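Descriptive analysis of the structure
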Amino acid sequence: MALGVSGQPAARGRNEFVAMLTDLFAPLGHITARRMFGGWGIYCDGIVFGLVADDVLFLKADDLCRDVFEARHLDMFYPQGPEGICISYYEIPGDWLEDEDDILPYARVALDAGLRASRTKKTKKKKTIK
């Protein structure tokens, strides 16, 4: 069993690709990653804006920004395969990750979509509490 710096078992599930993304997206804010559904959620200041599945990055979109991703002919994320439902995340080509100038504008668009989704969820919660 591999031991970490503290002498405790090393953190399970460390993913070098996800670690690279947290460094790459650092200019956006406090970036964290959490395991979810067999992949990873990528968060900025607690707002999810990206997903990683099989070491592929997908960025969040909504009705206000979907055209930004579709203009680049990016594929949507189908977590259950091509016959399943798609969710509003778009696959980001690996070569975009080689330069902050290429990826950060799209990451900001995705973060804005995440912020809008977060506000919508909070508004719905407030309306249902009486």
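Read on for a plain summary of the structure. Only a predicted model underlies this, so the values are computations on that prediction, with no experimental measurement involved.

Brief notes about the environment of Leu97
Here Leu97 shows up in the loop between β6 (87–91) and α3 (100–128). A relative accessible area of 11% places Leu97 in the buried class. Sequence-distant contacts of Leu97, defined by excluding residues within four places in its chain, comprise Phe17, Met20, Leu21, Leu24, Leu57, Ile92 and Ile103.

Topic: the packing of aromatic side chains
All chains considered together, the criterion is met by four aromatic pairs. When the ring of Phe25 is compared with that of Phe49, the centres are 5.3 Å apart and the planes differ by 75°; the resulting orientation is edge-to-face. Of the two residues, Phe25 is situated in the loop between α1 (16–24) and β1 (31–36) and Phe49 in strand β3 (residues 47–53); the sequence distance between them amounts to 24 residues. For the pair shown, Phe25 and Phe49 are each scored as buried. Summarising the aromatic geometry, the rings of Phe69 and Tyr90 are spaced 5.4 Å apart at their centres and angled 5° between planes, so their arrangement reads as stacked. Remark: Tyr90 occurs in strand β6 and Phe69 occurs in helix α2 (residues 66–70); sequence separation between them is 21 residues. Here the two residues Phe69 and Tyr90 agree in accessibility, since each one is buried. Each member of the aromatic cluster is reached from another via a ring pair, and the members are Phe69, Tyr90, Trp96 and Tyr106. A cation over an aromatic ring shows up here: Arg34 above the ring of Tyr43, its NZ or CZ 4.0 Å from the ring centre.

Notes on a negative patch on the surface
Taken together, the side chains of Asp95, Glu98, Asp99, Glu100, Asp101 and Asp102 make up a negatively charged region of the molecular surface. Topologically, Glu100 is positioned in helix α3.

Calculation criteria
Residues numbered from 1 in each chain as written. Predicted model: local features only at pLDDT ≥ 70, side-chain atom pairs only at ≥ 80, totals over all residues. Heavy atoms only, no water. Helix = DSSP H or I, 4+ residues; strand = E, 2+ residues; numbered from the N terminus. Buried < 20%, exposed > 50% of the residue type's maximum accessible area, 1.4 Å probe, protein only. Contact = heavy atoms within 4.5 Å. Phe/Tyr/Trp six-rings, centres within 6.5 Å; stacked < 30°, edge-to-face > 60°. Lys NZ or Arg CZ within 6 Å of the ring centre and 35° of its normal. Patch = residues over 30% accessible without salt bridge, like charges linked within 9 Å, V, L, I, M, F, W, Y side chains within 5 Å. Areas by Shrake-Rupley, 256 points an atom, 1.4 Å probe, with all protein chains shown as cover. Salt bridge = Lys/Arg side-chain N within 4 Å of Asp/Glu carboxyl O. Lys, Arg positive; Asp, Glu negative; His and termini not counted. Charge placed at Lys NZ, Arg CZ, Asp CG, Glu CD.

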